[in-house]
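# Topology and contacts: notes
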Amino acid sequence: MPSRKKKTERRVHKRFSAKEKTFAMLRSDQCSLDQIKRMSMGEIACAVYNSKPATMGQIVDMSQGGLSFDCIDKACPGGDSLKLDILSACDKFYIGRIKFKPVHELKSSDDPALSPIRMKKQGVQFVDLNFKQLSRLEKFLRKHTKGEMPRSR
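Criteria and thresholds
- Residues numbered from 1 in each chain as written.
- Predicted model: local features only at pLDDT ≥ 70, side-chain atom pairs only at ≥ 80, totals over all residues.
- Heavy atoms only, no water.
- Helix = DSSP H or I, 4+ residues; strand = E, 2+ residues; numbered from the N terminus.
- Buried < 20%, exposed > 50% of the residue type's maximum accessible area, 1.4 Å probe, protein only.
- Contact = heavy atoms within 4.5 Å.
- Areas by Shrake-Rupley, 256 points an atom, 1.4 Å probe, with all protein chains shown as cover.
- Salt bridge = Lys/Arg side-chain N within 4 Å of Asp/Glu carboxyl O.
- Core = buried A, V, L, I, M, F, W, Y, C linked by side-chain atoms within 4.5 Å.
- pLDDT = per-residue confidence, 0-100.

Bringing the overall build of the protein into the picture now. Within the protein one finds two helices and nine strands. Listing each helix as α and each strand as β along the protein from the N terminus yields β-β-α-β-β-β-β-β-β-α-β. By residue count, 35% of the 153 residues in the protein fall in the buried class. Across the protein, the fraction of contacts at a sequence separation of at least 24, relative to all contacts at a separation of at least 6, is 72%. When the accessible area of the protein is evaluated, it comes to approximately 10300 Å², of which 52% is carbon and sulfur surface.

Time to look at the pattern of salt bridges. Side-chain pairs of opposite charge can arise whenever the charged atoms involved come near each other. For the coordinates displayed, the defined rule picks out seven salt bridges. Between D61 and R15 there is a salt bridge, with the nearest N and O atoms lying 3.6 Å from each other. Within this pair, whereas D61 is found in strand β3 (residues 55-62), its partner R15 is found in the segment before β1 (16-18), the two being separated by 46 residues in sequence. Like R15, D61 is buried. A salt bridge links K107 to D73; the shortest N-O distance between them is 3.1 Å. You can see K107 sitting in strand β7 (residues 100-107) and its partner D73 sitting in the loop between β4 (66-72) and β5 (82-88), a full 34 residues away along the chain. Each of D73, E105, K107, R118 and K120 takes part in salt bridges that share partners, so that together they form one network.

Along the polypeptide, L129 turns up in the loop between β8 (119-126) and α2 (131-143). The sequence separation of L129 and K99 amounts to 30 residues, and the corresponding C-alpha distance is 7.1 Å. Dropping the residues within four chain positions of it, L129 is found in contact with Q64, I98, L134 and L137.

It is worth spelling out the environment of R142 at this point. One can find R142 in helix α2. R142 sits 126 residues away from F16 along the chain, and the two C-alpha atoms are 9.1 Å apart.

Quick look at the nonpolar core now. In this structure, I59, M62, L67, F69, L84 and I86 are the most contacted members of the largest nonpolar core, which totals 22 residues. For this core, the elements supplying multiple residues, two or more each, are β1, β2 (22-28), β3, β4, β5, β6 (93-98), β8 and α2. Not counting chain neighbours up to four residues away, the residues in contact with L67 comprise A24, I59, D61, M62, L84, I86, Q122, G123, V124 and F126. Counting six residues, the second largest nonpolar core, distinct from the first, contains M25, M41, L87 and Y94.

With 78% of its residues at a pLDDT of 70 or more, the protein shows a mean pLDDT of 80. In the model of the protein, helix α1 (residues 41-50) stands out as the element of lowest mean pLDDT, 77, in contrast to β4, which has the highest, 93.

Let us now look at unusual backbone geometry. Positive phi, normally seen in glycine, also occurs at R97, with a value near 55°. Tracing the sequence through the fold places R97 in strand β6. A positive phi is found at D128, a non-glycine position, where the angle reads about 50°. Within the secondary structure, D128 is located in the loop between β8 and α2.

With that settled, the discussion passes to the environment of V48. You can see V48 is positioned in helix α1. Judged by relative accessible area, V48 falls into the buried class, the value being 0%. The spatial distance from the C-alpha of V48 to the C-alpha of D85 is 8.4 Å, given a sequence separation of 37 residues.

Now the structure itself:
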């Protein structure tokens, strides 16, 4: 009889399911998004997209410590020059220039019959959040997610 190993939950923070149309974008910090407070959400989305993000995709889940998102499987330049933006068009929510470090990358099926575009799930951990970013993130988790996800067993 095969032995079952118990998975130990390593996450420190509670995870929350993201609503649809909530996106993560990894982009160069060199791109300036001045006057963002005066923009509509559509204008913010266009400005972020025009900043030529290295990768972007829909957020699957998130916590105070990080998030995971689905994106096209392509090489993404690393380094400190990339920052993370979180954008939810439905909730008119935006947080920009979050420092992060990649923590996992799970590739989806390589079967072109299932999906002609190769996808992956990218996980990132937030690094050195400032007070404003942390408070906006906490508010977003409370008010603009589908709710807490069950812990792994």
